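What the coordinates show
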Amino acid sequence: MNDESTNAALSRRGLLAGAGVAAAGTWGAVPAFAESAPAEFGPVTIRPGDSRYDNLLRGNNFRFAGRPDEIRVVASTDQVVRAVSEAVRSGRRVAVRSGGHGFENLTADPEVKMLLDLSSMNAVGYDADRRAFAVQPGATLGEVYQALFKGWGVTIPGGGCPGVGAGGHFAGGGYGPLSRRYGSVVDHLYGVEVVVVDRDGTARAVVATREQDDPNRDLWWAHTGGGGGNFGVVTRYWLRSPGATGTNPSRLLPASPQRMLLHTIFWSWEHMTQQTFTRLLRNYGTWHERNSAPGSPYAGVYGILRASHRAGGTVMLVAQIDADLPNADRMVTDFVSAVSAGTGLKPVLDLRRTTPWLHKMTWPGTGEAGDALLRRYKIKAGYLRRSFTEAQLAAIYRNLTNSTGKPEGNLLLVGYGGQANAVAPAATAIAQRDVIMKAVYQSVWMDEKEDAANLAWVRGFYRDVYADTGGVPVPGEVNDGSYINYADADLADPAWNTSGVSAQTLYHQGNYPRLQRVKAKWDPRNVFRHALAVKPPQDG
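First, a word on what this report is: a plain description of the structure on this page. Just so it is clear, the model here is predicted, and its values are computed rather than measured. (Residues numbered from 1 in each chain as written. Predicted model: local features only at pLDDT ≥ 70, side-chain atom pairs only at ≥ 80, totals over all residues. Heavy atoms only, no water.)

1. Examining the sheet that holds strand β7 (residues 189-197)
The antiparallel open sheet is built from five strands, whose spatial order is β5-β6-β9-β7-β8. Bordering the open sheet on either side are β5 (124-127) and β8 (203-209), each of which pairs with just one other strand. Between one strand and the next, the sheet's axes are offset by a mean angle of 25°, whatever the strand orientation. The pairing of strand β6 (residues 132-135) with strand β9 (residues 233-239) spans three bridges and is antiparallel. (Pairing = 2+ DSSP bridges. Helix = DSSP H or I, 4+ residues; strand = E, 2+ residues; numbered from the N terminus. Axes fitted to C-alpha atoms, helices over the stretch in contact; angles between N-to-C directions.)

Structure representation (C-alpha cells):
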C-alpha cells in the first residue's frame with residue numbers, strides 16, 4: 001500500500017481518516033468525523049432485567065461487579081456528551097469503561113449509577129488535518145497494533161496483552177515490550193478529545209494538544225499518565241511522535257518491527273536454593289542497572305522474570321528483541337548469560353525462536369479466553385530505581401516458599417527504563433523517569449471461595465517486601481512509588497499503608513499538585529472520581 005492510498009484508509013468502523021477537522025486550527029475544536037459513527041447504532045441503554053445486563057456488567061476481573069441503574073453503550077462523542085449531561089442533571093454518579101481490565105472496583109463501585117461502555121468506539125485511523133493517528137478509547141491494543149501495522153507499518157510502545165482497551169491504558173501512561181526503545185505510549189501522545197463538565201453542569205467535548213500555545217494544553221498533560229476517570233471521558237486520542245515532521249504517516253510514529261526474537265527459559269523450583277534464587281533476582285536487577293540509560297545499546301532488549309510460588313513449580317525468564325536490530329541475537333545471549341551467571345541452574349526448558357512481530361503482539365493466547373474470562377485476581381506493584389535490597393530479596397524468597405501461597409501466585413519483574421527515562425519527570429504526568437524495573441505481585445484464581453486466602457497471601461507478600469517503608473514502595477534510593485494503571489486500592493487504606501504517604505503521592509509524586517490544579521479547572525464539580533482519583537485541591 002503506498003502513502004497516498006494509506007492517507008485515506010478507513011478503520012473497521014468506517015471513520016474517514018482525513019474527513020475533515022473543520023476547525024482544526026481552532027483550539028478545542030471537535031473534529032467533524034467525531035460524529036461519523038454508524039447512525040444505526042447507539043446509544044443503547046441496558047437496565048437490570050434486560051437479558052444483556054449481566055453479560056455486560058463485569059469487566060475482566062470477576063471479583064467486581066457493580067449494580068448500576070443502567071449501562072449506556074455509546075458509539076460517538078455526541079452520545080457521550082448526552083449521557084454525561086443526563087447523569088449530571090439527575091445527580092447520578094457516572095463511571096467509564098473501555099476494555100474492562102480494571103484491577104480494582106473503580107468502575108464497579110456501588111455508588112456508580114450509570115456505567116458508560118465505550119467498547120463500541122473502537123476506530124483507528126489517520127487524521128490528515130492533525131497529522132496524527134486517531135484512536136478511539138474502545139479499541140483494544142491488538143486492534144491498534146493491527147491497524148497501524150497494516151495501514152502504515154508503524155506502531156506504539158504499548159502493552160503485550162491484546163485485549164486491553166486503549167482508553168485506560170493510554171491515560172495511565174502505557175508501556176510494553178518496545179518501551180525501553182521508544183518510551184511510554186504517552187511520549188507519543190499528541191492530543192486528546194475529552195468530554196468534560198463545566199461548573200454549571202454543562203457537558204461538552206474539548207480537544208487538547210501538546211502544542212505550546214494551546215490554551216487547553218494542561219488537559220492534554222493530565223492525560224499523559226494521570227490515569228483514567230479523573231478529568232472527563234476521553235473519546236479520542238491522537239498519536240504522533242515528538243519531532244516527527246512531514247505528512248507521510250509512515251514517518252510519524254515508530255516503525256513497527258517485522259520479526260521478534262524470543263528466548264524463553266524455565267528453571268525448576270526443585271533445584272532452587274535461597275542462594276541461587278537470590279542470585280538470579282540480583283543478576284536481573286544488576287543487568288538493568290547497567291543497561292537502562294537512554295541510548296543504551298541494549299535498550300532494545302525487553303526482559304521479564306516471573307518467579308511463581310514454589311507450589312507453581314517454575315521460575316521463568318523471557319527475553320525479546322526486534323530480530324532485525326544489529327547484533328540482536330548476541331544481545332539476547334548476553335542478557336540471558338548475565339541473568340543466569342553464577343547460579344549453576346540447569347533449565348528444564350530453553351527455547352529460542354523468531355516469530356512475526358504482529359503475531360506476537362496480537363495472538364490472543366494471554367489467558368483471556370474461554371474459562372479464563374471467569375478469573376479473579378489481585379495485583380500490586382512498585383517501581384524500582386535499582387535492584388532490591390538484601391532484606392527485600394529475603395522477603396521475596398520467604399513469601400514465594402511459604403505454606404500459604406498458591407501455584408498461581410507470583411512475582412513479575414518487568415524491564416523498563418531506556419528511552420522511557422529520556423523524558424523529564426514534569427514533561428508528562430508520569431513522574432517516575434529514572435526507574436529500571438516494575439515489580440508486580442499477583443495472584444490469579446477462579447473460585448470465589450478462594451478470595452480470602454489469595455488476597456491474604458499477596459497482601460502479606462507486598463507488605464513484607466516494603467516493611468521498612470510502611471508496607472508500600474515509598475520513593476527513595478530503591479523504590480519509586482507505583483504505576484497508576486496497576487490500580488491498588490490498598491494504597492489508600494491505612495490498614496495496608498502505614499507510611500503516611502498518600503496513594504496519590506505514591507502514584508504521581510511531585511506531579512500531583514499540578515494534577516489537582518487541572519482537576520479543579522476541568523472537573524470543578526468532581527463528577528469523575530473513584531477510590532484512587534486525583535482529588536480537588538481542597539480535599540487534599
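2. Some points on the pattern of salt bridges
Tallied over the entire structure, the rule returns 30 salt bridges. Across the pair D78 and R82 runs a salt bridge, and its minimum N-O distance is 2.0 Å. Taken together, the residues D78 and R82, both in helix α3 (residues 77-90) and four residues apart, mark about one turn of the helix. Here D324 makes a salt bridge to R259, at a shortest N to O gap of 2.8 Å. With a gap of 65 residues between them, D324 in the loop between β12 (314-322) and α9 (328-340) and R259 in strand β10 (residues 259-268) connect regions that are remote in the sequence. Overall, the relative accessible area of 41% leaves D324 in the partly exposed class. The network of salt bridges with shared partners includes E104, K378, K380, R459, D488 and D490. (Salt bridge = Lys/Arg side-chain N within 4 Å of Asp/Glu carboxyl O. Buried < 20%, exposed > 50% of the residue type's maximum accessible area, 1.4 Å probe, protein only.)

3. Quick word on empty space enclosed by the protein
As enumerated under the stated definition, the model contains four cavities of 30 Å³ or more in all. Taken as a whole, the largest cavity encloses approximately 60 Å³ of empty space. Partitioning the lining of the largest cavity into residue classes produces seven nonpolar, five polar and no charged. (1 Å grid on protein atoms, 1.4 Å probe; cavity = no way out; pocket = protein on both sides within 12 Å on 5 of 7 lines; lining within 4 Å. Points joined across faces, edges and corners; volume = space filled by probe spheres on them. Nonpolar A, V, L, I, M, F, W, Y, C, P; charged D, E, K, R; others polar.)

4. Comments concerning the pairing of strand β11 (residues 302-308)
In terms of burial, β11 is a largely internal element, six of the seven residues being buried. Bridge count for β11 against β12 is six bridges, and the pairing is antiparallel. Opposite I304, over in β12, you have V318 as the bridge partner. With antiparallel pairing between neighbouring strands as the criterion, β11 and β12 make up a hairpin whose turn holds five residues, including G313 at a positive phi of roughly 95°. In this structure, β11 lies alongside strand β15 (residues 410-415), joined through five bridges in antiparallel fashion.

5. Description of the packing of helix α11 (residues 390-400) against helix α12 (residues 451-465)
The geometry of α11 relative to α12 is characterised by a closest axis approach of 8 Å and an angle of 160° between their N-to-C directions. Between α11 and α12, the crossing angle belongs to the class labelled roughly antiparallel. α12 is crossed by α11, and the crossing has right-handed handedness. Seen from α11, the contacting residues are Q392, A395, I396, R398, N399 and L400; seen from α12, they are W457, G460, F461, D464 and V465. Taken together, the residues that form the contact of α11 with α12 break down as six nonpolar, three polar and two charged. (Parallel < 35°, antiparallel > 145°, perpendicular 65-115°, else oblique. Left-handed = near helix turned anticlockwise from the far one by under 90°. Contact = heavy atoms within 4.5 Å.)

Read these as layout, nothing more, since geometry by itself doesn't imply function.
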